[in-house]
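Close look at the chain arrangement
Here's the letter readout for the chains.
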Amino acid sequence: AQTVTQSQPEMSVQEAETVTLSCTYDTSESNYYLFWYKQPPSRQMILVIRQEAYKQQNATENRFSVNFQKAAKSFSLKISDSQLGDTAMYFCAFMKHPSLAGSRLTFGEGTQLTVNP
Amino acid sequence: ETGVTQTPRHLVMGMTNKKSLKCEQHLGHNAMYWYKQSAKKPLELMFVYSLEERVENNSVPSRFSPECPNSSHLFLHLHTLQPEDSALYLCASSQDLQFGPHEQYFGPGTRLTVT
């Protein structure tokens, strides 16, 4: 079974600064996907970024980028130029390569990020 | 409507009531999911449907009964719930189970309170 660990229950950052959220996972799979989702106070779960395990290049989406270390089973999220709207709960999630048997997303416990003005 | 919608957004029900949660996706996806989000716990996958067929039931009690009449609609029928079933219930969809893309898109959730 896969597990996902987010060791930082809460973090805060000043507006315009950079923050990194940590995520580690445990799996015996070699082909899988990793995701970061954010859940703002509205409770709407929004996809932030995804990474395929077979790709060595780190994914980037505007101000969001990841540091994917496959050997270390680490998948951290860096948010640059933090904005007040980035305040949310951030979830790291793992999915082994899907099949018709299912495509289970395993979530971490989340990191509450607060961006301060 | 765009994306994934869920109704109602809030629901309060007694332990003897029967109610249903509705999810509709407007993305042309083939797979749909129900998740439970309780306070201080990671999201828990409950059910997975692919092309209206249930492909996963994650040891969910029988008081939760899913229904997927077509690939755009997913229901969760509730009966004789317990107070510990109070949670945020999230619906999600994805393009396809096997071939991808594999991102799941979530609805806004239904906040359920069982009294």
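That block above? That's the structure.
Report follows, based on the coordinates. In every chain, residue numbers begin from 1 and rise along the written sequence. Lettering of chains starts at A and numbering of ligands starts at 1, both following the order in which they are written. A pLDDT threshold of at least 70 governs which residues receive local features in this predicted model, and a stricter bar of 80 or more applies before side-chain atom pairs are shown or counted, although totals over entire chains, interfaces and linings include all residues. Excluding hydrogens and water, the side-chain values take into account all heavy atoms of the structure.

With that settled, consider the interface of chain B and chain A. In what follows, a contact means two residues having at least one pair of non-hydrogen atoms within 4.5 Å. With 22 residues of chain B at the contact, the number on the chain A side is 23 residues. Counting the surface lost from both chain B and chain A, the interface buries some 2,000 Å², and carbon and sulfur atoms represent 52% of this. Each of two parts loses accessible area, computed with a 1.4 Å probe, when they are put together; buried area is these two losses added. For chain B, the biggest contributors to the area lost against chain A are His102, Glu103 and Phe106 of chain B; these three give 26% of the whole. Criterion for a salt bridge: a side-chain nitrogen of Lys or Arg within 4 Å of a carboxyl oxygen of Asp or Glu. Where chain B meets chain A, there are one salt bridge. Of the charged contacts, one joins Glu103 of chain B and Arg50 of chain A as a salt bridge, the two residues approaching to 2.5 Å between their closest N and O atoms. Any pair of nitrogen or oxygen atoms within 3.5 Å is treated as a polar contact; in protein, a donor-acceptor pairing is required on top of that, and neighbouring residues in sequence qualify only through side-chain atoms on both sides. There are five residue pairs in polar contact (both at pLDDT 80 or more) connecting chain B and chain A. Broken down by secondary-structure element, the contributors of at least two residues to the side of chain B that touches chain A are β4 (31–37), β6 (53–57) and β9 (87–94) of chain B. Counting from the N terminus, the helices are DSSP H or I runs at least four residues long and the strands are E runs at least two residues long. Here the element with the most residues in the side of chain B that touches chain A is β4 of chain B; it accounts for three residues. For the side of chain B that touches chain A, a count of residues per class yields 12 nonpolar, six polar and four charged. Residue type decides the class: Asp, Glu, Lys and Arg count as charged, Ala, Val, Leu, Ile, Met, Phe, Trp, Tyr, Cys and Pro as nonpolar, and the leftover types, Gly among them, as polar.

Here the focus is the sheet that holds strand β7 (residues 64–70) of chain B. All names here are of chain B. If you walk across this open sheet you meet the four strands as β1-β3-β8-β7, and the pairing is antiparallel. Because the sheet does not close on itself, it has two edges, and the strands there are β1 (4–7) and β7. Strand-to-strand twist in this sheet, taken as the mean axis angle between neighbours without regard to direction, amounts to 20°. Sheet analysis places β7 next to strand β8 (residues 73–79), joined by five bridges and oriented antiparallel. Two strands qualify as a pair provided DSSP detects at least 2 bridges between them. Lines are fitted to the C-alpha atoms to define the axes, a helix being fitted only along its stretch in contact, and any angle between axes, read from their N-to-C directions, falls within 0 to 180 degrees.

Trans peptide bonds make up most of the peptide bonds, and negative phi angles are found at most residues other than glycine. Omega for the bond connecting Thr7 of chain B with Pro8 of chain B falls within 30 degrees of zero, at -10°, which places this linkage in the cis form. For Lys73 of chain A, which is not glycine, the phi torsion reads 55° and is therefore positive. In this structure, Lys73 of chain A sits in the loop between β8 (64–69) and β9 (74–79). Even without glycine at this site, Thr80 of chain B takes up a positive phi of about 45°. Taking the relative accessible area as the measure of exposure, Thr80 of chain B reaches 41% and is therefore partly exposed. In this scheme, a residue with accessible area under 20% of its type's maximum is buried, one over 50% is exposed, and one in between is partly exposed, where area comes from a 1.4 Å probe on protein chains only.

Let us look at the pattern of salt bridges. It is possible for side chains of opposite charge to pair when their charged atoms get near one another. Within this structure, the stated rule accounts for seven salt bridges over all chains. A salt bridge links Asp26 of chain A to Lys73 of chain A; the nearest nitrogen and oxygen atoms lie 3.7 Å apart. One end of the pair, Asp26 of chain A, is in strand β4 (residues 24–26); the other, Lys73 of chain A, is in the loop between β8 and β9, with 47 residues separating them in the sequence. Among the residues examined, Asp26 of chain A registers a relative accessible area of 42% and is labelled partly exposed. Linking Glu44 of chain B and Lys41 of chain B is a salt bridge whose minimum nitrogen-to-oxygen distance equals 3.5 Å. A residue is classified by how much of its surface remains accessible, and Glu44 of chain B, at 30% relative accessible area, is partly exposed. Each of the salt bridges in this network shares a partner with another, and the network as a whole consists of Arg50, Glu52 and Lys55 of chain A together with Glu103 of chain B.

This part is about the packing of aromatic side chains. We call Phe, Tyr and Trp rings a pair once their centres come within 6.5 Å, taking the six-membered ring for Trp, and we label the pair stacked below 30 degrees between planes, edge-to-face above 60, and tilted otherwise. Considering all chains together, one arrives at 14 aromatic pairs over all chains under this definition. Measuring from ring centre to ring centre gives 6.2 Å for Phe107 of chain A and Phe106 of chain B, while their planes differ by 75°; the resulting arrangement is edge-to-face. With one member in each of two chains, Phe107 of chain A in strand β11 (residues 106–107) and Phe106 of chain B in strand β10 (residues 105–106) form a pair that bridges those chains. For Phe106 of chain B, a relative accessible area of 4% gives the class buried. Aromatic rings pair up to connect Phe35, Tyr37, Phe91 and Phe107 of chain A together with Tyr33, Tyr35 and Phe106 of chain B into one cluster.

On to the state of the cysteines, then. All names here are of chain A. The rule for a disulfide is simple: a pair of cysteine sulfur atoms within 2.5 Å. A complete count under the given rule lists two disulfides over all chains for this structure. Bridging Cys23 to Cys92, the disulfide has an S-S length of 2.0 Å. Between Cys23 and Cys92, the disulfide has an S-S torsion of -70° and is therefore left-handed. Separated by 69 residues along the polypeptide, Cys23 in the loop between β3 (19–21) and β4 and Cys92 in strand β10 (residues 88–96) bring together distant segments of the chain. Judged by its relative accessible area of 2%, Cys23 is buried. Overall, Cys92 belongs to the buried group, its relative accessible area being 1%.

Treat this as a map of the structure, not an account of what it does.
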